[in-house]
Amino acid sequence: MGRPRKPSKTPPVTPGVGADWDIPRIAYLYRDSSSPDLEVDSVAGYIHETLGISCTVRGDFLVHHGAGDSESLARRIAATRVRNIMRPFDPMEPAYGEVQFELRLLEEPSKRVPAILYDAYRYTGVMRGLLPSGERSLRVLHIAFEHRILGTFDEDGRYHARAVVCGYPSVVSTSGIVEAPAKPEGYYRVKAQLSVALGAIPFDAAKEPFKGQFIDYDDPRLTEVAKGYALQATVYHITKDAFCDDPRCRLFNAHWQSELMRAQLESGGLCPRHRKIAAEISASARRRPVAARR
Ligand SMILES: [Zn+2]
């Protein structure tokens, strides 16, 4: 394996204090018009208050940046559909109906997509291609709220839906918040029993006994939860490290709805380490002269 490496002369960097942080001059947050209850202005206020970063709220990402050839955009989006959750992504020419379906969604962004999974990296790649060059830089952060469900193919050999995809741009999926973290175990049992009894999947009937124990569509708690996920995307952009091991920290990577609710609603705060990191980010963001923030 070659010669042993010489010991490095560079002094160790204190973890958390980032000389290599990318603090954006501005964060653009994009509305999801299919989630009228989601108050994006309030999320922007939270990011500004917590990290000192200037935030501007815009309309839906695909409407804001996607003007022009919608047929071609619809085709590119349809091509990111996951066709088999048990296999890595296999690029395929989308069918005519799938392109028309995406075209209708682009025309009516307030419609919500039914259970379709899109490959997170390919989908955000399509979004990235729409950004004007002046805004495609680490100095500009983009966080899009979006109703499509994005998934990543993981080491366990299958796709998993994500509540947040930290990338460029980052996406917080309003449907992913509902679908990605697992619901109470009893829910899946009741759903399976009812499916056998009724011969169909009765989502609403299965949800009934567990109401309140998970975030549902049009949930009044969505804005509060979205703040935590937008914070994860922002901290990832700056430090390249989004998640925390402390289950009471808003940066905790929740796999269960109960964990999501504990981190985002019951605690609603940061662990001591992330409080310190947030204060440091905030201090450097606010120290910047006004001209440099533009
Ligand atoms: Zn933390």
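These lines cover the structure that appears in this document, whether it is placed above or below. (Residues numbered from 1 in each chain as written. Predicted model: local features only at pLDDT ≥ 70, side-chain atom pairs only at ≥ 80, totals over all residues. Heavy atoms only, no water.)

**Some points on the coordination of the zinc ion**
Around the zinc ion, the protein supplies Cys244 (SG), Cys249 (SG), Cys271 (SG) and His274 (ND1) as donor atoms, at distances of 2.1 to 2.4 Å. Every donor residue of the zinc ion comes from the same chain, spaced as C-x4-C-x21-C-x2-H. Separated by 22 residues along the polypeptide, Cys249 in the loop between α9 (222–239) and α10 (257–267) and Cys271 in the loop between α10 and α11 (272–287) bring together distant segments of the chain. Each member of the pair, Cys249 as well as Cys271, carries the same accessibility label: buried. (Donors = N, O, S within 2.8 Å, 3.2 Å for Na, K, Ca; no water. Helix = DSSP H or I, 4+ residues; strand = E, 2+ residues; numbered from the N terminus. Buried < 20%, exposed > 50% of the residue type's maximum accessible area, 1.4 Å probe, protein only.)

**Let's talk about helix α3 (residues 70–78)**
An α-helix turns once per 3.6 residues; consequently, residues spaced three or four apart project the same way. Within α3, burial applies to Leu73, Ala74, Ile77 and Ala78. The buried residues of α3 all sit within an arc of 135° when viewed along its axis, so they share a single face. (Arc of directions from axis to C-beta.)

**Here we look at the pairing of strand β6 (residues 159–162)**
The sheet contact formed by strand β5 (residues 149–153) and β6 spans four bridges and is antiparallel. Looking across to β6, one finds that Thr152 is bridged to His160. In sequence, β5 turns back onto β6 through a hairpin of five residues, with Gly157 there showing a positive phi of about 85°. (Pairing = 2+ DSSP bridges.)

**Looking at the side chain of Glu102**
Mapped onto the elements, Glu102 comes out in helix α4 (residues 96–107). Look at Glu102 and you get buried, because its relative accessible area is 0%. Beyond its immediate sequence surroundings of up to four residues, Glu102 is in contact with Ala74, Ile77, Ala78, Arg81, Tyr118 and Arg148. (Contact = heavy atoms within 4.5 Å.)

**Regarding the sheet that holds strand β3 (residues 117–119)**
The mixed open sheet is built from three strands, whose spatial order is β3-β5-β6. Every interior strand has two partners, whereas the edge strands, β3 and β6, have only one. On average, each strand axis in the sheet is inclined to that of its neighbour by 45°, with strand direction left out of account. Pairing geometry for β3 and β5, over three bridges, is parallel. Counted as the bridge partner of Asp119 is Gly151 from β5. (Axes fitted to C-alpha atoms, helices over the stretch in contact; angles between N-to-C directions.)

**Some details on the sheet that holds strand β8 (residues 170–173)**
Read from one edge of the open sheet, five strands run β2-β1-β4-β8-β7, paired in mixed fashion. Taken across any chain shown, the strands that pair with only one partner, and hence form the sheet edges, are β2 (55–58) and β7 (164–165). Pairing between strand β1 (residues 26–30) and strand β4 (residues 140–146): five bridges, direction parallel. Directly across from Tyr30, in β4, lies its bridge partner Ala144. Along the sheet, α9 contacts β4, β7 and β8; its crossing angle with β4, the most-contacted strand, is approximately 150°.

**Some remarks on the packing of helix α1 (residues 40–51) against α11**
Viewed as axis vectors pointing N to C, α1 and α11 meet at an angle of 90°, and their least axial separation amounts to 7 Å. Comparing their axes, α11 and α1 come out roughly perpendicular. Residues His48, Glu49, Thr50 and Leu51 of α1 lie in contact with α11, whose contacting residues are Ala278, Ile281, Ser282, Ala285 and Arg286. Partitioning the contact of α1 with α11 into residue classes produces four nonpolar, three polar and two charged. (Parallel < 35°, antiparallel > 145°, perpendicular 65-115°, else oblique. Nonpolar A, V, L, I, M, F, W, Y, C, P; charged D, E, K, R; others polar.)

**Side note on the pattern of salt bridges**
Applying the stated rule across the entire model yields 19 salt bridges. With its nearest N and O atoms 2.9 Å apart, the salt bridge here joins Arg148 to Glu102. Here Arg148 is found in the loop between β4 and β5, whereas its partner Glu102 is found in helix α4, with 46 residues between them in sequence. Looking at Arg148, the relative accessible area reads 2%, which means it is buried. Note that Arg162 and Asp154 form a salt bridge whose closest N and O atoms lie 2.3 Å from each other. Using a relative accessible area of 24% as the deciding quantity, one classes Asp154 as partly exposed. Look at the salt bridges and you will find they share partners, linking Arg81, Arg83 and Glu98 into a network. (Salt bridge = Lys/Arg side-chain N within 4 Å of Asp/Glu carboxyl O.)

**Remarks on the side chain of Lys207**
Here Lys207 shows up in helix α8 (residues 203–207). With residues up to four places along the chain from it excluded, the contact list for Lys207 reads Lys183, Tyr187, Phe214, Asp216 and Tyr217.

**Observations regarding the environment of Val235**
Assignment of secondary structure puts Val235 in helix α9. Judged by its relative accessible area of 4%, Val235 falls in the buried class. In this structure the C-alpha to C-alpha distance between Val235 and Leu251, which are 16 residues apart in sequence, comes to 8.7 Å. Excluding residues within four positions of it along the chain, Val235 makes contact with Leu51, Lys240, Asp241 and Leu251.

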